[in-house]
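A look at the structure
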Amino acid sequence: MSRYQRFFVPGGTYFFTVVACHRRPILTTACGRQFLREAIRTVRTTHPFELFATVLLADHWHLVMELPPEDADYSLRLRRIKSEFTGSWLAAGLPEAVVTPSQRKRGERGVWQPRFWEHTVRDEEDLERCVDYIHWNPRKHQCVNRISDYQWSTFHRFVAEGQYEIGRGGTLPTSLKDTEEDWGEP
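Rules used throughout
- Residues numbered from 1 in each chain as written.
- Predicted model: local features only at pLDDT ≥ 70, side-chain atom pairs only at ≥ 80, totals over all residues.
- Heavy atoms only, no water.
- Core = buried A, V, L, I, M, F, W, Y, C linked by side-chain atoms within 4.5 Å.
- Buried < 20%, exposed > 50% of the residue type's maximum accessible area, 1.4 Å probe, protein only.
- Helix = DSSP H or I, 4+ residues; strand = E, 2+ residues; numbered from the N terminus.
- Contact = heavy atoms within 4.5 Å.
- Patch = residues over 30% accessible without salt bridge, like charges linked within 9 Å, V, L, I, M, F, W, Y side chains within 5 Å.
- Areas by Shrake-Rupley, 256 points an atom, 1.4 Å probe, with all protein chains shown as cover.
- Salt bridge = Lys/Arg side-chain N within 4 Å of Asp/Glu carboxyl O.
- Lys, Arg positive; Asp, Glu negative; His and termini not counted.
- Charge placed at Lys NZ, Arg CZ, Asp CG, Glu CD.
- Pairing = 2+ DSSP bridges.
- Axes fitted to C-alpha atoms, helices over the stretch in contact; angles between N-to-C directions.

Our next topic: the nonpolar core. Ranked by size, the top nonpolar core spans 27 residues in total, and within it Phe16, Trp61 and Phe85 carry the most contacts. Every element with two or more residues in this core is listed here: strand 1 (13-19), helix 1 (30-46), strand 2 (50-56), strand 3 (60-66) and helix 2 (74-91). If sequence neighbours within four positions are ignored, tryptophan 61 has contacts with Phe16, Thr17, Val18, Leu27, Leu36, Ile40, Thr54, Val55, Leu56, Leu78 and Ile81. With 20 residues, the next largest nonpolar core counts Phe15, Val55, Val64 and Leu176 among its residues.

Structure (structure tokens):
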């Protein structure tokens, strides 16, 4: 039995990796993008949060979420986003992966892997590292040669805000060198 404990910091900032069931490449499809966008919008109306940085790859999603002061319930938000997405996916008649009878009994569907990987952001340097990893991820997975060529991330927002140069991303960011973090990816 795992002894992993999550940290819950009111008003905290967190990095997450959320993965499609059996790593199926469903998230960057037109429906996948639309349903995720709608799920985020829906959940934010009742459970506000700031989506500080994000990248959507075919089979997984990385994000940095900032919670409002006095609120530490990121699990609720991710559970609701996954549930809203799943409802839309299944209502559209799109296929789900096979799940075992015991998974089905627990109410799990074959759209998302159960749970998620979480990292509590400790400080500004850690936040920079998490955001760099998010924007570097399409390059890491060889989806593009330069991160500026990838369309489903907040990279271009960071460029517009003056945080990054547009040509950034041909080489591993300095903040990620010498890190042994697995970021919730195999």
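Here the narrative resumes.
A contiguous patch of negative charge on the surface is contributed by Asp123, Glu124, Glu125 and Glu128. Position of aspartate 123 relative to the elements: it lies in the loop between strand 4 (117-120) and helix 4 (124-140). The class for aspartate 123 is partly exposed, based on a relative accessible area of 43%.

The strand order 2-3-1-4 describes an open sheet built from four strands, whose pairing is antiparallel. Sheet topology places strand 2 and strand 4 at the edges, where each strand pairs with a single neighbour. Within the sheet, the average angular offset between the axes of one strand and its neighbour, ignoring direction, is 15°. Looking at chain direction, strand 1 and strand 4 are connected through four bridges and run antiparallel. The partner of threonine 17 across the bridge, within strand 4, is tryptophan 117. Strand contacts of helix 1: strand 2 and strand 3, with the helix running at about 165° to strand 2, the strand carrying the most contacts. In this fold helix 4 packs onto strand 1, strand 2, strand 3 and strand 4, with an angle of close to 30° to the strand it touches most, strand 2.

Time to look at unusual backbone geometry. The phi dihedral of histidine 22 is positive, around 55°, even though this residue is not glycine. Examined against the element boundaries, histidine 22 turns out to sit in the loop between strand 1 and helix 1. A positive phi is found at glutamate 70, a non-glycine position, where the angle reads about 70°. Mapped onto the secondary structure, glutamate 70 falls in the loop between strand 3 and helix 2.

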